[in-house]
Amino acid sequence: MKHLSLDALRAFVTVFDLQSYTKAAERMSRSQPAISLQIKRLEDLLNQSLIVREGTSIKLTAAGLDLYQGALPLLAQHDQLMGRFATEQVTGQVRLGIPSEFATALLPRILGQFAGSYPQITLEVTSALSRDLRLGASRGSFDVILTVAEQAPENAIKVKEDALVWVSGRADPAYAAPVPLVLASEGCVYRRRTLGALKEANIPHRITYTNNDLTGISSALRSGLGFTVLARSSVPPELFEVKKLDRQIALPELGTINIFLERHGQAQNAAAEHLQSYLHEFLSHQN
């Protein structure tokens, strides 16, 4: 009977999460060729191609997506089991505020791994627009918040600068002008940047669907309702980054957005400090 290697699965997941073989090797303290070999052996074992490159991006094939989605809970279960035998246990509760798009991208990955490594820490996660998270933090509702912003909030730690990209639910999207848009509500920095860029480029557009949750936005995109804009590191595997729509009309450049971590609540909170460090390490190593 054939057996999947947990190390190979972790290498596969890490390469996709970090969008880089080199960074995956650094994260796992191995050489880049060793990581490549592990994934090649996975492909040989399953007799399936798992990863393809699209420009600078690393995408999953249909088989790769299936394996990725199955590997996440398997690795999380392994980490949870190992966490039970850790000699030093960090305990406590952390109230985390996170934008919906990052919740969708991070919860199955880094937060699952975190929960496995620190099983005695209770996570209470709330998803909302960045502006609402900051308001909640000012009222004492959160211990840690992850936000996106153009300007640095007070006492925030800049994790990374990320590119804003056009996203579709289809690999080869088509549309009839004006450009159909699926966006969050007023107050979303992505919405403001999207509408401003299209207006400046004098490209006709219309909003076809509004939803503050990435799950709803993703469903609308996969149904062909239009295009949205996300930070590149938050694009889920079932969606596609779009460079241009056709030979005549190129989508305008959107620039970059900054991702910040902010600590609130009690000054002495080891659980919150561990979570902040975990998130910082993960996000800062993503492309």
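Above this note sits the structure.
Residues numbered from 1 in each chain as written. Predicted model: local features only at pLDDT ≥ 70, side-chain atom pairs only at ≥ 80, totals over all residues. Heavy atoms only, no water.

Can you help me understand the overall build of the protein chain in this one?
In terms of regular secondary structure, the protein chain is built from 9 helices and 11 strands. A principal-axis box enclosing the C-alpha atoms of the protein chain has dimensions of 60 × 55 × 30 Å. Taking all 287 residues of the protein chain together, the buried fraction comes to 47%. Counted over contacts in the protein chain with a minimum sequence separation of 6, partners at least 24 positions apart contribute 77%. (Helix = DSSP H or I, 4+ residues; strand = E, 2+ residues; numbered from the N terminus. Buried < 20%, exposed > 50% of the residue type's maximum accessible area, 1.4 Å probe, protein only. Contact = heavy atoms within 4.5 Å.)

What should I look at first to understand helix 8 (residues 214-222) in this one?
Helical geometry: 3.6 residues make up each α-helical turn, so side chains three or four residues apart lie on a common side. For helix 8, every residue scored as buried is listed here: Leu214, Gly216, Ile217, Ser218, Ala220 and Leu221. If you follow the buried residues of helix 8, they end up packed against helix 5 (100-117), strand 6 (157-168), strand 7 (179-183), strand 8 (205-210) and strand 9 (228-231). The opening residue of helix 8, the one whose side-chain oxygen lies 3.0 Å from the backbone nitrogen of Thr215, is Asp213. Phi for Gly224, located one or two positions after helix 8, is positive at around 85°. (Polar contact = N/O pair within 3.5 Å; in protein donor to acceptor, adjacent residues only side chain to side chain.)

Can you walk me through unusual backbone geometry in this structure?
Leave glycine aside and you will find that most residues have negative phi; peptide bonds, for their part, are mostly trans. Within the chain, Asn47 stands out as a residue other than glycine whose phi angle is a positive 55°. Within the secondary structure, Asn47 sits in the loop between helix 3 (32-46) and strand 1 (51-54).

Sorry, what's going on with the packing of helix 1 (residues 6-18) against helix 3 here?
Packed helices, taken two at a time, are described by the angle between their axes plus the distance between the axes. With their axes 9 Å apart at the nearest point, helix 1 and helix 3 run at an angle of 110° to one another. By the angle between their directions, the pair helix 1 and helix 3 is classed as roughly perpendicular. Facing Asp7, Ala8, Leu9, Ala11, Phe12 and Val15 of helix 1, the residues of helix 3 in contact are Ile35, Gln38, Ile39 and Leu42. Classifying every residue of the contact of helix 1 with helix 3 gives 8 nonpolar, 1 polar and 1 charged. (Axes fitted to C-alpha atoms, helices over the stretch in contact; angles between N-to-C directions. Parallel < 35°, antiparallel > 145°, perpendicular 65-115°, else oblique. Nonpolar A, V, L, I, M, F, W, Y, C, P; charged D, E, K, R; others polar.)

Just checking my understanding: could you explain the nonpolar core for this structure?
Soluble globular proteins tend to pack their nonpolar side chains together in the buried interior. Judged by nonpolar contacts, the single largest core of 53 residues is most densely connected at Phe102, Leu106, Leu146, Trp166, Tyr190, Leu279 and Leu283. If near-sequence neighbours (up to four positions away) are discounted, Leu106 is found in contact with Ile98, Leu111, Leu146, Leu279, Phe282 and Leu283. Core analysis: the next-biggest nonpolar cluster, separate from the first, contains 23 residues, Ala11, Ile39, Leu67 and Ala71 among them. (Core = buried A, V, L, I, M, F, W, Y, C linked by side-chain atoms within 4.5 Å.)

Explain the side chain of Asp162 to me, please; I cannot follow it from the model alone.
Locating Asp162 in the fold gives a position in strand 6. A polar contact of 3.4 Å, which involves the side chain of Asp162, links it to the backbone nitrogen of Arg232.

Looking at this model, I keep getting lost on the environment of Val144. Mind explaining?
Mapped onto the secondary structure, Val144 falls in strand 5 (residues 144-149). Along the backbone, Val144 and Gln276 are 132 residues apart, and their C-alpha atoms lie at a distance of 6.9 Å. Those residues within four positions of Val144 in sequence are excluded, and the remaining contacts are Val94, Arg95, Leu96, Gly97, Leu261, Glu262, Arg263 and Ala272.

Explain the pattern of salt bridges to me, please; I cannot follow it from the model alone.
For the structure shown, the criterion picks out 10 salt bridges. Among the ionic pairs, Glu262 bridges to Arg134, the shortest N-O distance being 3.7 Å. Here Glu262 is found in strand 11 (residues 256-263), whereas its partner Arg134 is found in helix 6 (residues 130-138), with 128 residues between them in sequence. Overall, the relative accessible area of 4% leaves Glu262 in the buried class. Exposure remark for Arg134: the relative accessible area of 25% places this residue in the partly exposed category. Overlapping salt bridges bring together Glu150, Arg192 and Arg193 as one network. (Salt bridge = Lys/Arg side-chain N within 4 Å of Asp/Glu carboxyl O.)

How do you make sense of the packing of aromatic side chains when you look at a structure like this?
The geometry of two aromatic rings is summed up by the distance between their centres and the angle between their planes. In this structure the tally under the stated criterion is 1 aromatic pair. For the pair Phe16 and Tyr68, a centre-to-centre distance of 5.2 Å together with 75° between the ring planes defines the contact as edge-to-face. On the criterion of sequence distance, the pair formed by Phe16 in helix 1 and Tyr68 in helix 4 (residues 62-83) is long-range, its members being 52 residues apart. Looking at Phe16, the relative accessible area reads 6%, which means it is buried. (Phe/Tyr/Trp six-rings, centres within 6.5 Å; stacked < 30°, edge-to-face > 60°.)

These figures capture arrangement, not role.
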